[in-house]
Amino acid sequence: MPCLVILAGMKFAKIVFWTASVFGVLVLAPLYFAFDLVGRMDPPPITHPQFYYGFVGVALIWQFVYFTIATDPVRFRPIMILSVLAKGSYVGALLVLYLQDRISRVQAATGIPDALLMVLFVVAFSRTR
């Protein structure tokens, strides 16, 4: 019976991290081609492209970390903690900015998928031993 629990936890972790990585690539990769659009839809225009493209690049690399975790959740379990921190850093930044009234409710809501994934990463971590 304990083997079934371990296998179920591994399968859960695989699904969570595989889904997170696919979702992330689909959401982030188009941002490489949306630089001007972002500035038009949410003025003012971006004045420091190195920060924009730097964020997109680092975030995109993390999706490949999630792909890697999905291949062997038990082996890569320690990296799950870093994954939780990565999601938490974005969600936390949005929360602080919102509480300081520096971003709108709509802008803050962009962190909801990351907050959900952060919780799922914690559950995957606890179920994968």
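For the structure itself, consult the block above.
Being a predicted model, the structure only gives us computed values, none of them experimental.

Draft legend 1. Looking closely at the packing of helix 4 (residues 77-99) against helix 6 (residues 112-127). With their axes 9 Å apart at the nearest point, helix 4 and helix 6 run at an angle of 160° to one another. By the angle between their axes, helix 4 is roughly antiparallel relative to helix 6. Viewed along their axes, helix 4 and helix 6 form a crossing whose handedness is left-handed. Across from R77, M80, I81, S83, V84, K87, G88, Y90 and V91 in helix 4, the residues of helix 6 making contact are D114, A115, L117, M118, F121, V122, A124, F125 and S126.

Draft legend 2. Expanded view of the side chain of D114. Residue position: D114 is located in helix 6. The contact partners of D114, leaving out residues within four places of it in the chain, are K87, Y90 and V91.

Draft legend 3. Representation of the environment of T47 in the model. Relative to the elements of secondary structure, T47 occurs in the loop between helix 2 (35-41) and helix 3 (49-71). A polar side-chain atom of T47 sits 2.9 Å from a polar atom in the side chain of H48.

Draft legend 4. Fine view of helix 6. Compared with the 22 Å implied by 1.5 Å per residue over 16 residues, the 23 Å span of helix 6 between its first and last C-alpha is a close match. For helix 6, the full list of buried residues reads D114, L117, F121 and A124. For helix 6, the angular spread of buried residues about the axis comes to 75°, placing them on one side. Turned more than 90 degrees from where helix 6 packs its buried face, I112 and L116 sit exposed.

The rules behind each value
Residues numbered from 1 in each chain as written. Predicted model: local features only at pLDDT ≥ 70, side-chain atom pairs only at ≥ 80, totals over all residues. Heavy atoms only, no water. Axes fitted to C-alpha atoms, helices over the stretch in contact; angles between N-to-C directions. Helix = DSSP H or I, 4+ residues; strand = E, 2+ residues; numbered from the N terminus. Parallel < 35°, antiparallel > 145°, perpendicular 65-115°, else oblique. Left-handed = near helix turned anticlockwise from the far one by under 90°. Contact = heavy atoms within 4.5 Å. Polar contact = N/O pair within 3.5 Å; in protein donor to acceptor, adjacent residues only side chain to side chain. Expected span 1.5 Å × (residues − 1). Buried < 20%, exposed > 50% of the residue type's maximum accessible area, 1.4 Å probe, protein only. Arc of directions from axis to C-beta.

So far we have only geometry, and geometry alone does not tell us how the molecule works.
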